[in-house]
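Remarks on the overall topology
Spelled out from the first residue to the last, the chains are:
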Amino acid sequence: MLKKTRLTVLRLADRERSERRRPAVLWTGRRPPSRRTTRRLGAALSVAALLLTSAPALGQADEALIVGVEVPSSVGPNRGLTARIAVRNVGTSTWTRSAGYKLGSAEPRDNVVWGENRAELRRRDRVVPGDTKVFEMRLLAPSSDGDYSFRWQMLREGVAWFGDESPELTIRVGGGGQVTPSPVPQPPSSPAPERRELVELVLAGYQGWFTAPGDGVLDRWSHWSAGQAPRPGRVTFELYPDMGEYARSDTFRTGLGPLGDGRASRLFASGRDGVLDVHFGWMRQYGIDGVALQRFVGELEDRSLRRFRNDMALKVRRAAERHQRYFHLTYDITGAPENRWLDRIVWDWPNVVEGRLGLTASEWYVRQDGKPVVEIWGLGFSDRPGDPGRAIELIRWLKGRGLFVIGGVPYYWRNSVADSKPGWQSVYREFDMIRPWSVGRYSSDADLQAHQEEILIPDRAHAESLGVRYQRVIYPGHAWSNWNGGDRNLIPRRAGSFLWRQAYLAKEAGVGVFVAMFDEFDEATAIAKAAEDASQIPRSQYFLTLDADGVALPSDHYLWLTGEIGRLLRDEVEGSWEPPTR
């Protein structure tokens, strides 16, 4: 039986006189403290409950969720400020002072930027599983003007830190010390000017998974390499990014040595706000409507990866709102445990995505027929978890919450052969939309023409007979010799004609498209700015560059071409088999 969850709005009252300009309740969570707990913690917390039910614990002995933060967004140097952080015990242990449970400063861990690095429980506090504790701290601002990080996490002194860190907040010190609300989560920069729905948009997949030591997010190398600093023979990505527009503070030195032009080899970290601004700025500049953000269900099993994914989701929301781009969430079940993939999604969506992160409250969250959109990627694949009964249970549960549900399904879903498990037709008809995964399934012009007649048009007709919408996944090219072996330049981009012709045939068939992917440098399907030639890649290691097919291209070529594909599908330009020229 799938359980519902309870969402609450926490309002921290009892303002101090110095904060009567109403410091913002910056982030709120799901379940209120009981009346007994509220009385015990004093009048600081008032609760307005919404119509949902309680959520299951995550199961670890020590586990915590930050469900409310209140702090001023600016303060004068050397001035006192009060912060209140509400933390819910979602583990199985009971928190007491004598057992060493505390709230500690993070980023960097144990810093004393705010005068204190611990908030203690009171001697009589006993925070049992399911209870919420409000830590109230009187802190001191630094003496120098500037922007300072404010982030906290639970710990058991001398044992381990645990649970979620509080959201990434910055408090400005200086500027007169006025107490002003800090916008987290941010409201949209402006409402969507004319609400456009999913079927009108050209979206790209967004991985957001590149990290590096010192990035302040995951603080270790991932996806550029398998955990160690990238160096010759130790990389897991194929296409080298054009690094020209990233701030130096958002990039990290590798062990790959100098580039062809003599510059040091550096790579960006996806979780840096500056990187997201660059990426979403490109989307706006080239007319790309937005992204589908990947959320890997298997990663939700790991505390640090779960925090990283939560941070990325909030950052994507803020960047989308700043740049007025659309976004929606895609759950990818690759690598998820067979016995827990469904339960993880059922826990995560109402409690984190809708509750803590508030993603669907954004004006820029993608909708179709007025419903927030979510994609489940991997159901029906022969090498992914899941059985038809549980898949249908999940889809119906999501629809029952008022969602429009997309299936990221095998390319051969209709005939249940090759990459598709047999016996899944009853599942596919439950989706609101089908997006069959096409990467690697064809490579030549002859393939495209054959698949148009044998796959795309029959797929569309079959989907229509089921009452299900249909989108085609298109991709610019593919190779992964540095990571997974195989030939270099395995599926050539052909200077953009391969991507364009997929879109042109989709237009001819009367279906929309989804672009795989925006930032997938691992498998060389990225449309983001990439190295043009050997001058922009390390001398020590092979990487794919945009001139691999003998045509010199600017690094933004695929961003521009994707924008043109949007114009093609909106009937703003004449379509032809040959791609446009700039």
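This structure is a prediction, so every number in the text was calculated from the model and none was measured.

**A few points about the packing of helix H9 (residues 497-509) against helix H10 (residues 557-569)**
Interhelical geometry of H9 versus H10 gives an angle of 10° and a closest axis separation of 10 Å. Considering their axes alone, H9 and H10 lie roughly parallel with respect to each other. Together, Leu499, Trp500, Ala503, Tyr504 and Lys507 of H9 and Tyr558, Leu561, Thr562, Glu564, Ile565, Leu568 and Leu569 of H10 make up the contact between the two elements. Looking at the contact of H9 with H10 residue by residue, the classes come out as nine nonpolar, one polar and two charged.

**A word on the packing of aromatic side chains**
Counting across every chain of the model gives 36 aromatic pairs. Pairing phenylalanine 237 with tyrosine 240 gives two aromatic rings, centres 5.8 Å apart and planes at 40°, and the pair type is tilted. Just as phenylalanine 237 is buried, tyrosine 240 falls in that class too. Relative to tryptophan 577, the ring of tyrosine 504 lies with its centre 6.3 Å away and its plane at 75°, an arrangement referred to as edge-to-face. Of the two residues, tyrosine 504 sits in helix H9 while tryptophan 577 sits in the segment after H10, which places them 73 residues apart along the sequence. Pairwise contacts between aromatic rings join Trp209, Phe210, Trp224, Phe237, Tyr240, Tyr246, Phe268, Trp282, Phe296, Phe521 and Phe543 into one cluster. It is lysine 133 that lies over the ring of phenylalanine 135; its NZ or CZ is 5.6 Å from the centre. Of note, arginine 493 hangs over the ring of tyrosine 558, and the distance from its end group to the ring centre comes to 4.5 Å.

**What about the sheet that holds strand E10 (residues 146-150)?**
In spatial order, the strands read E5-E13-E10; together these three strands make up an open sheet with mixed pairing. Two strands in the sheet have a free side with no partner beyond their single neighbour: strand E5 (74-75) and E10. Bridging between E10 and strand E13 (residues 169-173) involves five bridges; their strand directions are antiparallel. Bridge pairing in E13 links tyrosine 148 to isoleucine 171.

**Structural notes on helix H7 (residues 445-466)**
Three or four residues apart is the spacing at which side chains of an α-helix point the same way, because the helix has 3.6 residues per turn. With 22 residues, H7 ought to run about 32 Å at 1.5 Å a step, and its terminal C-alpha atoms sit 30 Å apart, in line with that. At glutamine 452, H7 shows its maximal kink, close to 50°. Among all positions in H7, only Leu448, His451, Gln452, Ile455, Leu456, Asp459, Ala463 and Leu466 are buried. Packed against the buried residues of H7 are strand E22 (433-436), strand E23 (469-474) and H9. Following H7 by one or two positions, glycine 467 has its phi on the positive side, about 75°.

**A short note on the environment of glutamate 453**
Of note, glutamate 453 is situated in helix H7. Glutamate 453 gets classed as exposed once you look at its relative accessible area, which sits at 54%. On a C-alpha basis, the gap between glutamate 453 and alanine 509 in space is 9.6 Å, while along the polypeptide they are 56 residues apart.

**Here we look at the environment of leucine 490**
Summarising the element assignment, leucine 490 is placed in the loop between helix H8 (481-484) and H9. Taking relative accessible area as the criterion, leucine 490 reaches 37% and is therefore assigned partly exposed. Along the sequence, leucine 490 and serine 443 sit 47 residues apart, while their C-alpha atoms lie 8.8 Å from each other. Beyond its immediate sequence surroundings of up to four residues, leucine 490 is in contact with His478 and Ala479.

**Here's the deal with the confidence of the model for the chain**
Per-chain confidence: the chain averages 87 in pLDDT, with 87% of residues scoring 70 or above. Note that pLDDT drops below 50 for residues 1-59; the model gives that stretch 158 contacts with residues more than four away or on any other chain.

**Section: the pairing of strand E7 (residues 101-105)**
Across the five residues that make up E7, a large majority, five, are buried. Pairing of E7 with strand E11 (residues 152-156), which is carried by five bridges, proceeds in the antiparallel orientation. Bridge assignment links tyrosine 101 to a residue of E11, and that residue is arginine 156. In this structure, E7 lies alongside strand E8 (residues 118-120), joined through three bridges in antiparallel fashion. Counted as the bridge partner of leucine 103 is alanine 119 from E8.

**Here's the deal with unusual backbone geometry**
Between glutamate 107 and the following residue, proline 108, the backbone shows a cis peptide bond with an omega angle of -10°. Its location among the elements puts proline 108 in the loop between E7 and E8. Cis geometry is adopted by the peptide bond preceding methionine 517, which originates at alanine 516 and carries an omega value of -5°. In this structure, methionine 517 sits in the loop between strand E24 (512-515) and H10. With a phi close to 60°, alanine 495 is a non-glycine residue in the positive phi region. Inspection of the secondary structure puts alanine 495 in the loop between H8 and H9. Judged by its relative accessible area of 22%, alanine 495 is partly exposed.

**Quick notes on the nonpolar core**
One finds Tyr240 and Phe521 to be the most contacted residues of the largest nonpolar core, which totals 136 residues. Within the second largest apolar cluster, 28 residues are counted, among which are Val69, Val71, Tyr148 and Phe162.

**Digging into the pairing of E11**
Within E11, four of the five residues are buried, which leaves it mostly tucked inside the rest of the structure. Strand direction decides the pairing type here: E11 and strand E12 (residues 160-162), joined by three bridges, are antiparallel. Residue pairing for E12: arginine 156 is matched across the bridge by alanine 160.

Rules used in this analysis
Residues numbered from 1 in each chain as written. Predicted model: local features only at pLDDT ≥ 70, side-chain atom pairs only at ≥ 80, totals over all residues. Heavy atoms only, no water. Axes fitted to C-alpha atoms, helices over the stretch in contact; angles between N-to-C directions. Helix = DSSP H or I, 4+ residues; strand = E, 2+ residues; numbered from the N terminus. Parallel < 35°, antiparallel > 145°, perpendicular 65-115°, else oblique. Contact = heavy atoms within 4.5 Å. Nonpolar A, V, L, I, M, F, W, Y, C, P; charged D, E, K, R; others polar. Phe/Tyr/Trp six-rings, centres within 6.5 Å; stacked < 30°, edge-to-face > 60°. Buried < 20%, exposed > 50% of the residue type's maximum accessible area, 1.4 Å probe, protein only. Lys NZ or Arg CZ within 6 Å of the ring centre and 35° of its normal. Pairing = 2+ DSSP bridges. Expected span 1.5 Å × (residues − 1). Bend = angle between axes of the 7 residues up to and from the residue. pLDDT = per-residue confidence, 0-100. Core = buried A, V, L, I, M, F, W, Y, C linked by side-chain atoms within 4.5 Å.

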